[in-house]
Amino acid sequence: MKPSTTVLLSLFTAVALLTGCKQDEEQQVTIEFMHSAVEQERQTVISQLIDRFQKENPSITVKQVPVEEDAYNTKIITLARSGSLPDVVEVSHDYAKVMDKEQLIDHDAIKTLINTLGEDAFYDGVLRVVRTEDGTGYTGVPVSAWLQGIWYRKSVLANAGIEEPKNWEQLLDAARRLTHARDKKYGIALPTAESVMSEQTFSQFALSNNANVFNAEGSVTVNSPEMLASLNYYRELARCTMPGSNNVMEIKDAFMNGTAPMAVYSTYILPAVQQEGTLADLGFVVPTEKTPAVFGVITSLTLTIGQTARETEASRKFVAFMEQAQNAAEWVLMSPGAVLPVTKAVAENPAFKDSPAIKVFGTLPAQLIAQYPNMQVFGSVGEKNFTRMGDITGSAILGEMVNQVTVGNKEAAPVLERSQQRIQELIQQH
């Protein structure tokens, strides 16, 4: 029996619908986003951002992979070895060097994103810190940053007749005058433990004296006259700090409880000072000898290798979405005051600049952002960022070096010589 025209049309329609459904299923793609925002309130913000993105891009599903900060770096390597590295990873510029060295970063996708945003969208100094070793690409798309310098209580210095210290000599003089060890009062809270913070803080003084771990050719230059002078200075400054191995908590506590009216700390001190109600009494300077040197960490969203073309395209769309001014402002506002925007569009966006959480800090965010051109980090020379620096920081050699000359009271010259030797051996092993 010959089928009727109506029946044939119904069959064709059914086949078309099934084919359409199949195509829709094929177009669906899921990507993973690994980040360190494990706190519930921060995950809520990220979930809201993801929901908005998925509404705009219904064919893309973004799965969160929150990981504790302490386990973060190990987790990345473990996932990479098992072939299950998330498509998009939040990463600091220093650990990005390790990922780059392990060839885990999709440089082409990242460069496309930065070219689309425009290099001039970022503040001067930001992109320099995330450049690749050959200077031609980037290890991630910057989304936020925090800075570190010397915080001081204006009233304490004024009462002691001390002006804002502008250079090494003035800082050491101020620290000595403010130190009264018998009364357990110290001039400056300074890290001296075998820690990353000790390396970071010492790096500011060294880099302000033009001392770096590498030169432009990639040779190790730890044992240099400039580094020796910097280490000797740091030891003298450490005589004005609390006894013992001081790290993050000791420094913050000493500054907040009045034990030390000056401290080297990151912008993460700001929420505590604001809560205390003493922001108006807070001053900020950076170590300066030959040049100013601000330490900071650039947080980027990086895209990983090993993904399908559709996954990479979906990841690019997601990172581009996260970089939009409104969305990046919400990301930064997860840590108001402590974390700063890296693009002008975010800093000027009403969601950021008109936020009550930011307005309480007055002109301070703008003053800090103005320091981006002075950002200097070990292993960054000109437009090059040597990937081996990630391994050196991970080895704790430089943190141990600081501890040995401060807490251990060892002579700087032999400690420097041994540190140079250890770093050269480390590089050969890797």
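Below, the structure is looked at part by part. (Residues numbered from 1 in each chain as written. Predicted model: local features only at pLDDT ≥ 70, side-chain atom pairs only at ≥ 80, totals over all residues. Heavy atoms only, no water.)

When the charged atoms of two side chains with opposite charge come close together, those side chains can pair. Scanning the entire structure with this criterion turns up 12 salt bridges. Across the salt bridge formed by E276 and R153, the nearest N and O atoms sit 3.3 Å from each other. Note that E276 is positioned in helix α12 (residues 270-276) and R153 in strand β4 (residues 141-153), a separation of 123 residues in sequence. For E276, a relative accessible area of 37% corresponds to the partly exposed category. Here R316 makes a salt bridge to E313, at a shortest N to O gap of 3.8 Å. Taken as a pair, R316 and E313 lie in helix α13 (residues 309-322) at a separation of three residues, close to a single helical turn. (Salt bridge = Lys/Arg side-chain N within 4 Å of Asp/Glu carboxyl O. Helix = DSSP H or I, 4+ residues; strand = E, 2+ residues; numbered from the N terminus. Buried < 20%, exposed > 50% of the residue type's maximum accessible area, 1.4 Å probe, protein only.)

Residue K184 is not a glycine yet carries a positive backbone phi of 60 degrees. Topologically, K184 is positioned in the loop between α8 (168-178) and α9 (196-208). One non-glycine residue with positive phi stands out, namely N409, at about 55 degrees. The residue N409 is located in the loop between α20 (397-406) and α21 (412-429) in this model.

Attention shifts here to the nonpolar core. In summary, soluble globular proteins display a tendency toward joint burial of nonpolar side chains. Ranked by internal contacts, the top residues of the largest apolar core, which has 93 residues, are I76, W151, L270, F318 and Y372. By size, the runner-up hydrophobic cluster in this structure holds 47 residues, among which are I162, L178, F202 and F214. (Core = buried A, V, L, I, M, F, W, Y, C linked by side-chain atoms within 4.5 Å.)

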